[in-house]
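Fold and contact review
Each chain, written out:
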Amino acid sequence: MTDPFGGFDPQAWLADYGARAQRMYAEATRQQQALASLAAEATAGAVTVRVGVAGALRGVEMADGVRPSAAELTTSFEQAYRTAVQIINDGTAQHAGGVDAAVRESGPGPAEDTGPGPRPATGHLLTEDDTTVSVEMPIDAEFDEFLAALVEGEPEDLTAIVNNPVFQRYRSPGDPNTWQADLQRQVQRITANAAQITELAARITGRAETPEMTIEVGSQGRIDSLRFTDRVTRLRREQVGAAIIEVYTEAARDAERQLAEALAELGITPQE
């Protein structure tokens, strides 16, 4: 009997392809988990700030027994936050597969030298323990059965393959001669939308205000500014950090809302 595959073993090829895909998926998942676990902490004056990737605020602590003024608190927070963002950006760059420069450029620049004053902020990178136990690529059992039947069946029976409901889930609709053109149009639309989303995200700033402070947060979660009023001195030490997190969360939600509304006006959804 003539070998219809000319010596090519499709089952072995599929097994090798699946193993390679599994390794790539596992490595990508591990890298994502490593990035998600990164945090940076920095201290300036009486303020310790902890941030996650992209400068998302995770925590604020005040030193015990210290009662800084509103102006001192504003300066200390700004220095600590800026230093923490620089540290997290450096740490992210090391995990980002060679895009160090782009990651670092996305963060704030070096703090300006304001002359004599408090010592500069100090900080360090934090990493959580690796909790990855097993990373398995999602399995489409129905599609695997279809592939197995395809390998074992008659290669000439193309009609049955094309009409198979499983195959229909993965094929592009319409004339096969137009699939490439349709794909190109989809890629162009996605690329254009990505550019618009990036531009909008860079322009949008969320804002929240309380009697003790005013904060502005970009749509990606990075703090643009945080200013305290004299009323912040009325808060207890343990209340200050919680109050900052609360107003930060409100401003971040405001930025997300603005971005969603702007995208909706353009007819763009985040899934596109």
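Residues numbered from 1 in each chain as written. Predicted model: local features only at pLDDT ≥ 70, side-chain atom pairs only at ≥ 80, totals over all residues. Heavy atoms only, no water.

With that settled, consider unusual backbone geometry. Although it is not a glycine, A54 adopts a positive phi angle of roughly 70°. The class of A54 is partly exposed, set by a relative accessible area of 37%. (Buried < 20%, exposed > 50% of the residue type's maximum accessible area, 1.4 Å probe, protein only.)

With that settled, consider the environment of L226. With respect to the element layout, L226 can be found in strand β7 (residues 223-228). Spatially, the C-alpha atoms of L226 and R207 are 9.9 Å apart, while their sequence positions differ by 19 residues. Once you skip the residues sitting within four places of it in the chain, L226 turns out to touch T74, F77, M213, T214, I215 and I244. (Helix = DSSP H or I, 4+ residues; strand = E, 2+ residues; numbered from the N terminus. Contact = heavy atoms within 4.5 Å.)

Bringing the sheet that holds strand β4 (residues 122-126) into the picture now. With antiparallel pairing, the four strands of this open sheet are ordered in space as β3-β2-β1-β4. Strands at the two margins of the open sheet, each flanked by one partner only, are β3 (57-62) and β4. The average undirected angle you get between the axes of adjacent strands in this sheet is 15°. Pairing of strand β2 (residues 47-51) with β3, which is carried by five bridges, proceeds in the antiparallel orientation. The partner of V49 across the bridge, within β3, is V60. (Pairing = 2+ DSSP bridges. Axes fitted to C-alpha atoms, helices over the stretch in contact; angles between N-to-C directions.)

Attention now goes to the confidence of the model for the protein chain. Chain-level pLDDT for the protein chain is 78 on average; 68% of the residues reach the 70-or-more range. Between residues 98-107, whose pLDDT stays under 50, and residues either more than four places distant or in other chains, the model counts 13 contacts. Every residue in residues 113-117 scores below 50 in pLDDT, and together they form zero contacts with partners more than four places removed in sequence or on other chains. (pLDDT = per-residue confidence, 0-100.)

The subject of this paragraph is the packing of aromatic side chains. Counted under the stated rule, the structure contains two aromatic pairs. Where F77 meets F228, the ring centres are 6.5 Å apart and the plane angle is 75°; that geometry is what we call edge-to-face. With F77 in helix α2 (residues 70-94) and F228 in strand β7, the pair connects residues that are 151 residues apart, well separated along the chain. You'll find F77 and F228 in the same group, each marked buried. Members of the aromatic cluster, joined through ring pairs, are F77, Y81 and F228. (Phe/Tyr/Trp six-rings, centres within 6.5 Å; stacked < 30°, edge-to-face > 60°.)

Now for the pattern of salt bridges. Tallied over the full model, the rule gives nine salt bridges. Ionic pairing is found between R227 and E78, a salt bridge with its closest N-O pair at 4.0 Å. Of this pair, R227 sits in strand β7 while E78 is found in helix α2, placing the two residues 149 residues apart along the sequence. Among the ionic pairs, E238 bridges to R236, the shortest N-O distance being 2.9 Å. (Salt bridge = Lys/Arg side-chain N within 4 Å of Asp/Glu carboxyl O.)

Bringing the sheet that holds β7 into the picture now. By way of backbone hydrogen bonds, the strands of a sheet pair with one another, either parallel or antiparallel. Spatially, β5-β6-β7 is the arrangement adopted by the three strands of the open sheet, whose pairing is antiparallel. Two strands bound the open sheet, and with one partner strand each, they are β5 (205-209) and β7. Strand-to-strand twist across the sheet, computed as the mean angle between neighbouring axes with direction ignored, equals 10°. Alignment of strand β6 (residues 213-218) against β7, held across five bridges, turns out to be antiparallel. Directly across from E216, in β7, lies its bridge partner S225. The strands touched by helix α8 (residues 237-265) within the sheet are β5, β6 and β7, with β5 carrying the most contacts at an inclination of about 140°.

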